[in-house]
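A closer look at the structure
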Amino acid sequence: MIQWKSNHTGFTEQIVSGPNPTNTVKSIGSNRAVGLQNNVEACPLALSQEDLMFKDTQTASSWIQVDVNCGDDSLVSRTLQVKGSKVNGFDLDLPKVLVVDDHAASRMTAVALLGMEGYDVIEADRGCTVVGLVTQKQPDLILLDVMMPGMDGFEVCQLLKQDEQTRLIPVIFITALNDRRSRIRGIEVGADDFLTKPFDRVELAARVKSLVRQKRLNEDLDHAEQVLFSIAMSIESRDPNTGNHCERLVKLGQVFGEYLNLSRYQIRDLRWGGYLHDIGKVGIPDAVLLKKGQLTPKDWEIMKQHVLIGEKICQPLRSMRGVIPIIRHHHEHWDGSGYPDKLKGDDIPYLAQVFQLIDIYDALTSERPYKKAFTSAEALSMMQEETNAGWRNPKLMQQFAEFILSYKGKGIG
């Protein structure tokens, strides 16, 4: 026999195992009955008799009460551990699920279902406590009721999705059957999925498992991107001559991209290109990278390799597909005299052409040990001379000059 006790007052459940493990004894204080047998009517989330059955030869399981020190009686954490087996395909790192519902019976049913799937379950009965719990417990997924007193599920989800630290946590809304308005509102605030009451164990398990796996993949990708950005910033710090070159390129790329009416993803790639365009310099020897004075022809051949090195570093990440053309081709020339591939005209990727202009402009208007900072007018004049010589896209150069002149006095130019 397996016995489970909840922190909710007066609640005890006994699951009797054996040849016919169908007997469930349950008592709830204050004469509140919650039936978990067939045709459940009192509980919004139905738990069938089959869901409480254990095959007779299966490994013994037990409910483990986890102590949670948060000063909130509404918070309970429970884990169903199955010895000698992987839980839900996530090895021994048990995913955490936060169940938020002001209806106690609904929460307990969801906890039982998720617990039997091997999740570490945390409970909350009020929306206003969720943000603090998420920060403290860092769940892998949130099962969130829509209608709650005070802060409802929509407000909670919107807060979480607007926060950089919690935006990757999937949120599944629990809605009433055919509640179209709630679903539309949920999509607007960033919900990842929906479940209707009552739901069954198989559907719940499938949706939760899928979203938890996706969340962990997204986190791995997010961490990999942050590592690349950190490497890029460390490269900039190696060369004290460049100042805050990358930060200026990010800002300029954002504003010029908007001026050109680029898509959100193109602008994002321009911004990321500001940080990552020279990441390949991590593979350039200091004797060349930090050399004072003119580089020899041999030095230049070594320096040119940084675009190829940078491409190799970023290539494994699919999210960098739009940035890689910027990294590889931001030193190509319109007439084919650039490197590494001597591309001509529109064979040069468009974002690489756009980025090249903001990169050159920032270099010209910034002070370096070997040169003064040119004025905006001087920089545009020099870039126009290079365009006349065949190095730049004439139409794009004209757009860039108009952009700089129109944005002077707004922190640009």
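Since the structure is predicted, the reported quantities are computational estimates derived from the model, not experimental observations.

Examining the overall build of the chain
Helix and strand content of the chain: 14 helices and 10 strands. The burial tally for the chain puts 47% of its 413 residues in the buried class. Here the chain has roughly 21300 Å² of accessible surface; of this, 50% comes from carbon and sulfur atoms.

Looking at the pattern of salt bridges
Taken as a whole and assessed by the stated rule, the structure comprises 15 salt bridges. Across the salt bridge formed by K281 and D278, the nearest N and O atoms sit 3.3 Å from each other. Overlapping salt bridges, with partners in common, bring together D193, E203 and R207 in one network.

Focus on helix 13 (residues 376-388)
For the α-helix, the turn length of 3.6 residues means that residues three or four positions removed from each other point alike. For helix 13, with 13 residues, the first-to-last C-alpha span of 18 Å sits near the 18 Å given by 1.5 Å per residue. If you follow the buried residues of helix 13, they end up packed against helix 12 (350-365) and helix 14 (394-407). In the stretch just after helix 13, G390 is the one whose phi turns positive, near 100 degrees.

Notes on the environment of K215
Assignment of secondary structure puts K215 in helix 5 (residues 201-238). For K215, a relative accessible area of 5% puts it in the buried group. Put simply, K215 and L141 are 74 residues apart on the chain and 8.2 Å apart in space, counted from C-alpha to C-alpha. With residues up to four places along the chain from it excluded, the contact list for K215 reads P139, D140, L168, I169 and P170.

What to know about the packing of aromatic side chains
In the structure shown here, the tally under the stated rule is 10 aromatic pairs. Here a set of aromatic residues connected by ring pairs shows up, and it is made of F256, Y259, Y361, F400, F403 and Y407. For R264, the ring lying beneath its charged end belongs to Y265, and the centroid distance is 4.6 Å. Above the ring of W272, the side-chain terminus of R268 is found at 4.7 Å from the ring centroid.

Digging into the confidence of the model for the chain
In this model, the chain carries a mean pLDDT of 76, and residues with pLDDT of at least 70 account for 72%. Of the regions scoring below 50 in pLDDT, residues 1-87 engages in 164 contacts with residues more than four places distant in sequence or in other chains.

What to know about the packing of helix 12 against helix 14
Relative to each other, helix 12 and helix 14 sit at 45 degrees, their axes nearing to 11 Å. Judged on the interaxial angle alone, helix 14 and helix 12 are oblique. In the packing of helix 12 onto helix 14, the handedness of the crossing is right-handed. Side by side, helix 12 and helix 14 meet where Y350, Q353, V354, L357, I358 and Y361 of the first sit next to L396, M397, Q399, F400 and I404 of the second. When grouped by side-chain class, the residues that make up the contact of helix 12 with helix 14 number 9 nonpolar, 2 polar and no charged.

Considerations on the nonpolar core
Ranked by internal contacts, the top residues of the largest apolar core, which has 26 residues, are F256, Y361, M383 and F400. Where this core is concerned, the elements lending two or more residues are helix 6 (245-259), helix 7 (264-276), helix 12, helix 13 and helix 14. With 8 residues, helix 12 is the single largest residue contributor to this core. Counting 21 residues, the second largest nonpolar core, distinct from the first, contains A124, I142, V156 and F194.

Re the environment of S337
By the secondary structure assignment, S337 is in the loop between helix 11 (324-329) and helix 12. In this structure S337 comes out as partly exposed when scored by relative accessible area, which is 38%. With sequence-adjacent residues up to four places away left out, S337 is seen in contact with K342 and W391. Within polar-contact distance, the side chain of S337 engages the side chain of H333 at 2.9 Å. At a separation of 2.7 Å, a polar atom in the side chain of S337 contacts the side chain of D335.

Some remarks on the pairing of strand 6 (residues 96-100)
Where burial is concerned, most of strand 6 is hidden: 4 out of the 5 residues are buried. As judged from the 5 bridges shared by strand 6 and strand 7 (residues 120-124), these two strands associate in the parallel manner. Bridge pairing in strand 7 places V100 opposite A124. Handedness of the β-α-β unit built from strand 6, helix 1 (residues 104-116) and strand 7 comes out right-handed.

A closer look at the packing of helix 7 against helix 12
One way to put it is that helix 7 packs onto helix 12 with a least axis distance of 11 Å and a crossing angle of 50 degrees. Classed by the angle they form, the pair helix 7 and helix 12 counts as oblique. In this structure, the crossing between helix 7 and helix 12 has a hand that is right-handed. Residues Q266, D269, L270, G273 and G274 of helix 7 form the contact with helix 12, whose participating residues are L351, V354 and F355.

Quick word on helix 2 (residues 130-137)
Three or more residues of helix 2 are buried, namely V130, L133, V134 and K137. Burial along helix 2 is one-sided: seen end-on, the buried residues are contained in an arc of 100 degrees. In this structure, the buried residues of helix 2 make contact with strand 6, strand 7, strand 8 (141-145) and helix 3 (153-162). A positive backbone phi angle near 50 degrees is found at Q138, which sits one or two residues after helix 2.

What about the pairing of strand 7?
In terms of residue burial, strand 7 counts as a mostly covered element, since 5 of its 5 residues are buried. The two faces of strand 7 match: D120, I122 and A124 on one face and V121 and E123 on the other face are all buried.

About the thresholds
Residues numbered from 1 in each chain as written. Predicted model: local features only at pLDDT ≥ 70, side-chain atom pairs only at ≥ 80, totals over all residues. Heavy atoms only, no water. Helix = DSSP H or I, 4+ residues; strand = E, 2+ residues; numbered from the N terminus. Buried < 20%, exposed > 50% of the residue type's maximum accessible area, 1.4 Å probe, protein only. Areas by Shrake-Rupley, 256 points an atom, 1.4 Å probe, with all protein chains shown as cover. Salt bridge = Lys/Arg side-chain N within 4 Å of Asp/Glu carboxyl O. Expected span 1.5 Å × (residues − 1). Contact = heavy atoms within 4.5 Å. Phe/Tyr/Trp six-rings, centres within 6.5 Å; stacked < 30°, edge-to-face > 60°. Lys NZ or Arg CZ within 6 Å of the ring centre and 35° of its normal. pLDDT = per-residue confidence, 0-100. Axes fitted to C-alpha atoms, helices over the stretch in contact; angles between N-to-C directions. Parallel < 35°, antiparallel > 145°, perpendicular 65-115°, else oblique. Left-handed = near helix turned anticlockwise from the far one by under 90°. Nonpolar A, V, L, I, M, F, W, Y, C, P; charged D, E, K, R; others polar. Core = buried A, V, L, I, M, F, W, Y, C linked by side-chain atoms within 4.5 Å. Polar contact = N/O pair within 3.5 Å; in protein donor to acceptor, adjacent residues only side chain to side chain. Pairing = 2+ DSSP bridges. Right-handed = clockwise from strand over helix to strand, strands pointing away. Arc of directions from axis to C-beta.

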